[in-house]
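Below, each chain spelled out in residue letters.
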Amino acid sequence: AHIAVTRTPGVTRAQVAPRGGGPLLGHSAVMQLDGSHWEELIHLDRDMLHVRFPTAPNETKDKERKLSEGAKELKKLFAEAREYGRLVDLAATEPAARPEYDPRLEALVPYVRGQKTMALHADNAQTILDALRFAKEESLQVVLYGASEGWKVADTLAQEGRSVVVGPVLALPSTREDPYDAAYANAAVMARAGVKLAIMTADDENPRNLAFHAAMAASCGLPREEALRAITLYPAQILGMEAEVGSLAPGMIADLIVTSGDVLELATTVDYVFIQGRQQDLSNRQTELYERYRQRMLAWKSRAKQ
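Thresholds applied
- Residues numbered from 1 in each chain as written.
- Predicted model: local features only at pLDDT ≥ 70, side-chain atom pairs only at ≥ 80, totals over all residues.
- Heavy atoms only, no water.
- Pairing = 2+ DSSP bridges.
- Helix = DSSP H or I, 4+ residues; strand = E, 2+ residues; numbered from the N terminus.
- Salt bridge = Lys/Arg side-chain N within 4 Å of Asp/Glu carboxyl O.
- Buried < 20%, exposed > 50% of the residue type's maximum accessible area, 1.4 Å probe, protein only.
- Axes fitted to C-alpha atoms, helices over the stretch in contact; angles between N-to-C directions.
- Parallel < 35°, antiparallel > 145°, perpendicular 65-115°, else oblique.
- Contact = heavy atoms within 4.5 Å.
- Nonpolar A, V, L, I, M, F, W, Y, C, P; charged D, E, K, R; others polar.
- Core = buried A, V, L, I, M, F, W, Y, C linked by side-chain atoms within 4.5 Å.
- Polar contact = N/O pair within 3.5 Å; in protein donor to acceptor, adjacent residues only side chain to side chain.

(A) The arrangement of the sheet that holds strand E9 (residues 270-275) in detail. Read across the sheet, three strands follow the order E8-E9-E10 without closing on themselves; strand pairing throughout is antiparallel. Two strands in the sheet have a free side with no partner beyond their single neighbour: strand E8 (256-259) and strand E10 (278-279).

So, in structure tokens, the structure goes:
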């Protein structure tokens, strides 16, 4: 039911990520929203490992302060994964050196070696600074997720050259002291500083509202072209899929939508959705319920007139 509802307003692909207590949340996958089972839906399997970086309070926003105990535990785990990987490699020539199989460490090896991209979730300013420092010290290939207070450390984010997947945009300020439009203008402030970013809804139930999040960011300072790229081209680039999706060019996957107007205008309707060149049925559980109860109301009105 969620897939059809998400597809109707023009979302053709989504990065589906696990949520939990953390810090290791698990692998995400990129799914195309057209198919009857997971083998048809999956586009990119296990594209990132999602890690919720231990939260630190905004006391001084110090880039050089000591890491929290949670971050130290994460650092220790990553060191164990590197050693596990070293022993596995050594076992190729010296079988006796092979360690006891550990699926958890095995899964971590390509990420702690910087061979695959890790999604580091960090929201408030100090946690973002800690996560950036941690990634640099550990030589990790990371994309920052969340960054609700990215606007407070936008210059540092730009200097580090890390991409950011920001969201939700339609949210309240993080603290009572923040401006009322802090979440709305967050993307614009980071973009002006030179941060490459994509926009996400960070909403399990309403990813269909993605264009609304981009529209709000555009209304609060993010250039409209950049807002559109933040939900099309830039996500594809961050995921390493820009040669397949994210823009329209010969030879690319034919994911496209036809709308009645500007996709960032709330009154715009999506008239056609194509995924891999296949036109999609725009009906879903919500439209079916609408028609069901609309017909009931019309029948009630008809009986009342009689």
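(B) Spatial organisation of the pattern of salt bridges. Under the criterion given, the structure shown has 17 salt bridges. For the salt bridge of Asp255 with Arg13, the shortest nitrogen-to-oxygen distance reads 2.4 Å. Of the two residues, Asp255 is situated in the loop between helix H10 (233-238) and E8 and Arg13 in strand E1 (residues 13-16); the sequence distance between them amounts to 242 residues. Note on accessibility: Asp255 and Arg13 belong to one class, buried. Residue Arg224 is joined to Glu265 by a salt bridge in which the shortest nitrogen-to-oxygen separation is 3.5 Å. Taken together, the positions of Arg224 in helix H9 (residues 224-229) and Glu265 in the loop between E8 and E9 put the pair 41 residues apart, joining distant regions of the chain. On the accessibility criterion, Glu265 (42% relative accessible area) is partly exposed. Through salt bridges that share partners, Lys75, Arg82, Arg133, Glu137 and Glu138 make up one connected network.

(C) The packing of helix H3 (residues 69-90) against helix H4 (residues 103-112), seen in detail. The N-to-C vectors of H3 and H4 enclose an angle of 95°; their axes lie 8 Å apart at closest approach. Taken together, the axes of H3 and H4 lie roughly perpendicular to each other. Contacts from Leu77, Phe78, Glu80, Ala81, Arg82, Tyr84 and Gly85 of H3 reach H4 at Arg104, Leu105, Glu106, Leu108, Val109 and Val112. Partitioned by chemical class, the residues of the contact of H3 with H4 number eight nonpolar, one polar and four charged.

(D) View of the environment of Arg52. Mapped onto the elements of the fold, Arg52 is located in strand E3 (residues 42-52). Residue classification places Arg52 among the partly exposed positions, given a relative accessible area of 30%. When the C-alpha positions of Arg52 and Gly146 are compared, they lie 9.9 Å apart, and in sequence the two are 94 residues distant. Non-local contacts of Arg52, meaning those with residues more than four positions away in its chain, are made with Gly20, Gly21, Gly22, Pro23, Leu25 and His121.

(E) Highlighting the pairing of E9. Strand direction decides the pairing type here: E8 and E9, joined by four bridges, are antiparallel. Across the sheet, the residue bridging to Leu256 is Phe274, located in E9. Here E9 folds back onto E10, and the loop between the two strands holds two residues, one of which, Gln276, carries a positive phi near 55°.

(F) Spatial organisation of the nonpolar core. If you look at the biggest cluster of nonpolar residues, it comprises 56 residues, and the most contacted ones within it are Phe78, Met118, Leu120, Leu144, Leu157, Val164 and Ile199. Not counting the four nearest positions on each side in its chain, Leu144 is found in contact with Leu120, Ala122, Ile128, Ala131, Leu157, Ser163, Val164 and Val165. If you look at the next biggest cluster of nonpolar residues, it comprises eight residues, including Val143, Tyr145, Ala198 and Met200.

(G) Summary view of H4. Those residues of H4 lying buried are Leu105, Leu108, Val109, Tyr111 and Val112. Where H4 is buried, its residues contact strand E2 (24-32), E3, H3 and strand E4 (118-122). Its side-chain oxygen 3.0 Å from the backbone nitrogen of Arg104, Asp102 forms the N-cap of H4. Phi turns positive one or two residues past the end of H4, at Gly114, with a value near 75°.

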